[in-house]
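Report on the structure
This is what each chain is made of:
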Amino acid sequence: MAKIDLKKTSGFSMIYDGEDLQVKDHIFNEKLSISISDVKNQLLNKDLTCPEIFYTKYKGLDHEDLYSSKNLKVNFYVLKPNLAGIEFVKTRATRVLRYPRIIDVVYGGATILMQRYRGPKDNRVIKVVTKKEQKVIIPPGYSAVVVNTRQNTNLIFAEYQCKKAIQKIVLDELSGMAYYIIRKNAKQETVRNPNYKTVNIPERLDWDKVLLSYGITPKTPIIKQIMRKYEKFDWLFKENSITL
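What counts, and at which threshold
Residues numbered from 1 in each chain as written. Predicted model: local features only at pLDDT ≥ 70, side-chain atom pairs only at ≥ 80, totals over all residues. Heavy atoms only, no water. Phe/Tyr/Trp six-rings, centres within 6.5 Å; stacked < 30°, edge-to-face > 60°. Helix = DSSP H or I, 4+ residues; strand = E, 2+ residues; numbered from the N terminus. Buried < 20%, exposed > 50% of the residue type's maximum accessible area, 1.4 Å probe, protein only. Polar contact = N/O pair within 3.5 Å; in protein donor to acceptor, adjacent residues only side chain to side chain. Contact = heavy atoms within 4.5 Å. Pairing = 2+ DSSP bridges.

1. Describing the packing of aromatic side chains
In the structure shown here, the tally under the stated rule is 10 aromatic pairs. On the basis of an interplanar angle of 90 degrees and a centroid distance of 5.0 Å, the ring pair of Tyr-117 and Tyr-196 is categorised as edge-to-face. Note that Tyr-117 is positioned in strand 11 (residues 110–119) and Tyr-196 in the loop between strand 18 (187–192) and helix 3 (207–213), a separation of 79 residues in sequence. Consider the rings of Tyr-230 and Phe-237, whose centres lie 5.2 Å apart with planes at 35 degrees: the pair is tilted. On the basis of relative accessible area, Phe-237 is assigned to the buried category, the value being 14%. Connected via pairs of aromatic rings, a cluster forms that spans Phe-12, Phe-28, Tyr-58, Tyr-67 and Phe-76.

2. Concerning the side chain of Asp-104
Topologically, Asp-104 is positioned in strand 10 (residues 101–107). From its side chain, Asp-104 meets the backbone nitrogen of Ile-222 in a polar contact 3.0 Å long. Once you skip the residues sitting within four places of it in the chain, Asp-104 turns out to touch Thr-9, Glu-133, Gln-134, Lys-135, Phe-157, Ala-158, Tyr-160, Pro-221 and Ile-222.

3. What to know about unusual backbone geometry
For the bond from Cys-50 to Pro-51, the omega torsion is 0 degrees, close enough to zero to count as cis. Counting through the fold element by element, Pro-51 comes out in the loop between helix 2 (36–39) and strand 5 (53–59). For Asp-65, which is not a glycine, the phi torsion comes out positive at approximately 60 degrees.

4. A look at the sheet that holds strand 1 (residues 4–5)
Through backbone hydrogen bonds, the strands of a sheet pair up, either in parallel or in antiparallel fashion. Spatial strand order, 1-2-3: three strands in an open sheet with antiparallel pairing. Here the strands that pair on one side only, and so sit at the sheet edges, are strand 1 and strand 3 (21–23). Where strand 2 (residues 14–16) meets strand 3, three bridges bridge the pair, whose relative direction is antiparallel. Its bridge partner being in strand 3, Met-14 is matched across the sheet by Val-23.

Function-wise, these values are silent; they only describe arrangement.
This is the structure in structure tokens:
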């Protein structure tokens, strides 16, 4: 496939060559290939054996500790278009207890599910359908997955969080999130995970309003916004700083 220049949407001198992310003047600390065996506990169908690789995570993008010195951690993810049975390929459910995260979609489009589940009478699920350049905030304490719901397009997104944030894989014991995104009869559907006996239906939020309230410009890459107006993003580095 042709190389994809991601500089405009990511804010970095970055190219995707069909297999790897290549960066100029920056380095990733680690590259991880997440296999179906890593994700299997969170799948609707646990008997699947393909696709072998679900996604690739590029951890800790930096340049001479520029971002680390500002207490910032930058990760990138690449999800190729694929189906795992009837489910669209997705990330594992992760949660950061005390700090928020920002997702910045730099190529393709995604459906993001986030949830806070304390029980049948105390739970909330938020669904966000995104396109290129869209930003989404994941609040502290919310579990989240990112799903590539486009069958012919790679999904590439950046994740920004405080360096102190501890991100954990969660919900294996419940087979993942409260809802799955599937393809059925040539249509996309959101179906409930039967392990959740009672759960609220997914909410849709006015993300333009949410982003404005936290000082985020819709089209400009997040890295440029943080580096230019660091003080406006003080909430990203504080515990329990935001609510949706």
